[in-house]
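# Summary of the model geometry
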Amino acid sequence: MNPGRRVVITGLGAVTPLGNNMQSTWDAIRHSRSGVARITHFDASGFPSQIAGEVKGFDFESFIRRLPELKTAMSNTRFALSACEEAVKDSGLNWEGLDSRKKGIYFAAGDSAASTDRLAAAFHRSLIQNDLRFDMASYVLERFRAGGGREEAEKEPAATLKHLIRYFGVSGPAYNCLTACAASAQAIGEGAELIRRGESDVILSGGSHSMIHPFGVAGFCLLTTLSTYNDFPETASRPFDATRAGFVLAEGAAAVILEEAEHAKRRGAHIYGELVGYGTTADAYRLTDSHPEGHGAAAAMRMAMKEAGTSSRDIDYMNAHGTSTKVNDVVETLAIKKVFGEDVGRLWVSSTKSMTGHLIAAAGAVELEFCLLAMRDSFAPPTINYRHKDPECDLDYVPNEGRDRDIRFAMSNSFGFGGQNIVLIVKKV
Amino acid sequence: MSRRVVLSGMGLITPCGIGNAPLWAAAREGRSGLSARNEQDPVTIPVGVCGFVRDFQPQQFVKNRKSLKVMCRDIQMAVVASLLAREDAGLGEGSIVPERSGTCIGAGVFEHDPEEMADSFRAALTEDGHFDARRFGSDGMGQLFPLWLLKYLPNMPACHITISHSLQGPSNTLTADSGGTASAIEEAIRVIRRGHADLMFAGGAECRLQGAGLLRYHAQGMLRDLSRGGRYEIFSARSGGAVIGEGGAILILEERSAALARGARIYAEVASFAVAADGLKNHDAAELSIRLEEVMRTALREAGVSPESVGGIFLSSRGLPREDEAEALAIGRVFGASAVKPVLVAAKPLTGFLGYAAAPVSLGLAAMMMERRLSVQSFEDDAPYLAPNFKFARPEGSASWVERPILVHHFEEGLVHHAFVLTSAGAEAAPRSGG
């Protein structure tokens, strides 16, 4: 157990493909619903993968009315602000009344895409008329002439942090990390460390991301990591199933309020759970492949359990990284078996990415929220679309329907391109 | 008591040259690395004077040359800086314990190479110049290098660095514009203090002189063009914007007793740091200066150092008038009453504003001064216009002030403010808890 101050979670917020708040998202999870459909943000019919978990019917107008400068904010920021506002409200904190120096932010906002129309216009004007050769100097001059500098700034992950700092009036520590699919879990782990060390009493944490744009989808298609079950969007994300064929890109945000335990108790806050374990390691192996024997993932799970003072017997439910790619699901299963040994037989493991798709930087935070709600409701979420057993993936993945169970400790795994492995453990209070 | 953290190595790539020695030599001589664009430089930038890193040939440093294909220039510079830092720290083969070592890197969105995307764009254009997403998917996407995405992901510098040095402890990438690297260094210190690692590679790189990389700075109105003469001035009545440079800087941060046990050369101890978000609703220099003052005072308090005992201040100043004014006001309030006032040092006129590499270059240069007990040469007048009671650094003889604590300041309006206090390697003052 970390000897520092204890950290509890007192507020949740979410914007996901399953719903535009925490409750509607969790309701969909409890009912085994998928948020995946054909891409509508752009015409994806020419791409190998044409499906995604898009956020639907999201309304940001009320924010813009309050703060007109948010009109140029991109999806990452919009989702983040909405999820954070919900989390703050859910926590019951008198946010304005808190000492601004003792409240901080540790977020994981991803980057956004530049306008394809603006880039295309500059490119078009920079083609040499006769032979359509690309002229770099003309292109750059066109980009400068066309403006769009504000947009350039808004696509930086720092833009989301800047908006959060300003909107929530934070004067304590403020950070944003971006470690691909592990980012928001890492933000929560590091945010909790700020409280443990006494630098803050309250941290607004989580993540937001949207890569459902032509460049994002193209990048992942080129890496052949996306599912191409285009005719069956709702069943395309099928973690641990023998027929899995890649992950489904998704978007959204998740926000949590991390609070020093005594601070929360003093004000009679509702506590979703205590964050007791944080494991953080790197594979140092390859850019996208995890270590074939799951060394880094296993080390992170062990580290989190050591921090939490738990043994493998104590973990009742695990929200796996479970991306639905061939390699991840096998390696993660192997790592889990190494760490849990004989106790793996009593462990329930599920991948909620089967329903949400993969929210990339926001994935870890939303999955930790599912762990907290699973503890609250004594309900383990399912892995949907599980039909065909893979001999290399042989755990209890809570197939297709969630199951009731008293959950005292839940573990959430998040592993990222680039080799970051983050594991969080929460405890029922 | 908290574990203590020292700076035991650095790899600095700046417009003054590749490695620590060229930067140190230029700093001692007051020779700026900024220069007018020549025929080797990118032709597409809107200003004529920048801090170019010339003759950067990563293949001379990186053993796995194939890996360079999946790195944009920023990533290459970060990786090479990490190799230089390791060498400087005397960490030879087998001397890094993988599970006890990690990395924290500051990085933002990397500028894509337009040439690389040209064919895919051409395939996606309609006759009237509009982007057709369907065509991009069917005909354009395939023109891109299959690992194209990995060449530009912000966390890839950290990824390559962990692979290059087999760092299996914590790894993180922090993004907050140039302050992201100050954040990364802070986190590396925290990771060592809390015992999750004994050694961390921390720093960042930025190369925005390619393509349309300066567009954002241009739109913010912060570029200064010196092509018609003049020099990069800070804290001056003639300050009027930033001159941009490119660079990479990685620091080796180490738990003090582990560094001593292996006989490492210790440049300086990072006695403390302080951090605070801007959080201001309406910006003016006076309001901003209050926040900066708080950060400086917190860093000093955490280090157990009084304002009177501070020998020097590495300024954050980028030559932006409101930021400069706020920083000068804050320094005046914190240090103005000291009988012997700290000397001011500015790294930006030497290298240009290096974005994500700026903070570690300042920290590295400050630490070099402390270890060598020598001052650098500043470019400015004796009496800074905005802080007339203070003086800029001069290199004459051995300067006693460099043996006293140095405060390194870094901030960007609207984001996060940072201050670090470095003490000399032999200092016994131990940092308190917290920052």
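Figured I'd write up the structure that's included with this text. (Residues numbered from 1 in each chain as written. Chains lettered and ligands numbered in written order. Predicted model: local features only at pLDDT ≥ 70, side-chain atom pairs only at ≥ 80, totals over all residues. Heavy atoms only, no water.)

## A closer look at helix H14 (residues 363-377) of chain A
Residue and element names in this part refer to chain A. Formally: Each helix is a run of H or I in the DSSP string that is no shorter than four residues. Each strand is a run of E no shorter than two, and both are numbered from the N terminus. Here the expected length of a helix is defined as 1.5 Å per residue gap, with one fewer gap than residues. Burial classes follow relative accessibility: with a 1.4 Å probe on protein chains only, a residue under 20% of its type's maximum area counts as buried, one over 50% as exposed, and anything between as partly exposed.
Spanning 15 residues, H14 covers 21 Å between terminal C-alpha atoms, matching the ideal 21 Å at 1.5 Å per step. Extensive coverage of H14 is indicated by the burial of 13 of its 15 residues. Where H14 terminates, the next one or two residues include Ser378, which has phi positive at roughly 50°.

## So, the sheet that holds strand E1 (residues 7-15) of chain A
All names here are of chain A. Heads up, the condition is: A pair of strands counts as paired when DSSP detects no fewer than two bridges linking them. Angles run from 0 to 180 degrees between N-to-C directions of axes, and those axes are lines fitted to C-alpha atoms, restricted for helices to the stretch in contact. For this analysis, residues touch if any pair of their heavy atoms sits within 4.5 Å.
Strand order in the open sheet made by the ten strands is E5-E4-E6-E7-E1-E8-E14-E13-E9-E10, with mixed pairing throughout. In the strand order of this sheet, the two ends are held by strand E5 (174-176) and strand E10 (348-350), each with one partner. The average undirected angle you get between the axes of adjacent strands in this sheet is 25°. As paired elements, strand E9 (residues 315-319) and strand E13 (residues 409-415) share four bridges and run parallel to each other. Bridge pairing in E13 links Tyr317 to Ala410. Set on the sheet, H14 makes contact with E1, strand E6 (202-210), strand E7 (251-260), strand E8 (273-282), E9, E13 and strand E14 (420-427); between it and E13 the angle comes to about 165°.

## Details of the packing of helix H2 (residues 73-88) of chain B against helix H5 (residues 156-165) of chain B
All names here are of chain B. To keep it simple, the criterion reads: Should the near helix be turned counterclockwise from the far one by less than a right angle, the crossing is left-handed, whereas a clockwise turn marks it as right-handed. Note on residue classes: Ala, Val, Leu, Ile, Met, Phe, Trp, Tyr, Cys and Pro are nonpolar, Asp, Glu, Lys and Arg are charged, and everything else, Gly too, is polar.
Viewed as axis vectors pointing N to C, H2 and H5 meet at an angle of 35°, and their least axial separation amounts to 9 Å. The handedness of the crossing between H2 and H5 comes out as right-handed. For the pair H2 and H5, contact is made by Ile75, Ala78, Val79, Ser82, Leu83 and Arg86 and by Met156, Pro157, His160, Ile161, Ser164 and His165, respectively. For the contact of H2 with H5, the class distribution of residues is seven nonpolar, four polar and one charged.

## Considering the packing of aromatic side chains
Just so we agree on the cut-off: Aromatic contacts are taken between Phe, Tyr and Trp rings whose centres are within 6.5 Å, Trp giving its six-membered ring; a plane angle under 30 degrees counts as stacked, one over 60 as edge-to-face, and the others as tilted. Two conditions define a charge located above a ring, namely a distance within 6 Å from the ring centre to NZ of Lys or CZ of Arg, and an angle within 35 degrees of the ring normal.
Throughout the structure, instances matching the rule amount to 25 aromatic pairs over all chains. In this structure an aromatic cluster arises from ring pairing among Phe42, Phe47, Phe123, Phe134, Tyr139 and Phe215 of chain A together with Phe121, Phe131 and Phe136 of chain B. The ring of Tyr217 of chain B has Arg208 of chain B lying over it, and the distance from NZ or CZ to the ring centre is 5.5 Å.

## A look at the pattern of salt bridges
Keep this limit in mind: By salt bridge we mean one thing: a side-chain nitrogen of Lys or Arg within 4 Å of a carboxyl oxygen of Asp or Glu.
Scanning the entire structure with this criterion turns up 55 salt bridges over all chains. When the shortest N-O distance is used, the salt bridge between Arg6 of chain A and Glu274 of chain A registers 3.0 Å. One end of the pair, Arg6 of chain A, is in the segment before E1; the other, Glu274 of chain A, is in strand E8, and 268 residues separate them in sequence. Between Arg372 of chain B and Glu371 of chain B there is a salt bridge whose closest N-O contact spans 3.8 Å. Judged by relative accessible area, which is 29%, Glu371 of chain B ranks as partly exposed. One connected set of salt bridges, linked through shared partners, spans Glu156 of chain A together with Asp177, Glu206, Arg208 and Arg216 of chain B.

## Here's the deal with the interface of chain B and chain A
Put simply, the test is: The buried area of a pairing is the accessible area, by a 1.4 Å probe, that goes missing from both parts when the two are put together, added over both. Pairing of N or O atoms within 3.5 Å defines a polar contact, subject to two protein rules: one partner must be a possible hydrogen donor and the other a possible acceptor, and residues neighboring in sequence count only if both atoms are side-chain atoms.
Taken together, the contact between chain B and chain A spans 87 residues of the former and 82 residues of the latter. Of the roughly 6900 Å² buried between chain B and chain A, counting both surfaces, carbon and sulfur atoms make up 65%. Connecting chain B to chain A are six salt bridges. Among the ionic pairs, Arg216 of chain B bridges to Glu156 of chain A, the shortest N-O distance being 3.3 Å. Between the two partners, chain B and chain A, sit 24 residue pairs in polar contact (both at pLDDT 80 or more). For the side of chain B that touches chain A, the secondary structure elements donating two or more residues are helix H3 (114-124), helix H4 (133-140), H5, strand E6 (171-174), helix H6 (179-193), helix H7 (215-219), strand E9 (268-277) and helix H9 (285-303) of chain B. In terms of residues, the side of chain B that touches chain A owes the most to one element, H3 of chain B, which gives six residues. Classifying every residue of the side of chain B that touches chain A by side-chain character gives 41 nonpolar, 26 polar and 20 charged.

These values are about where atoms sit, not about what they do.
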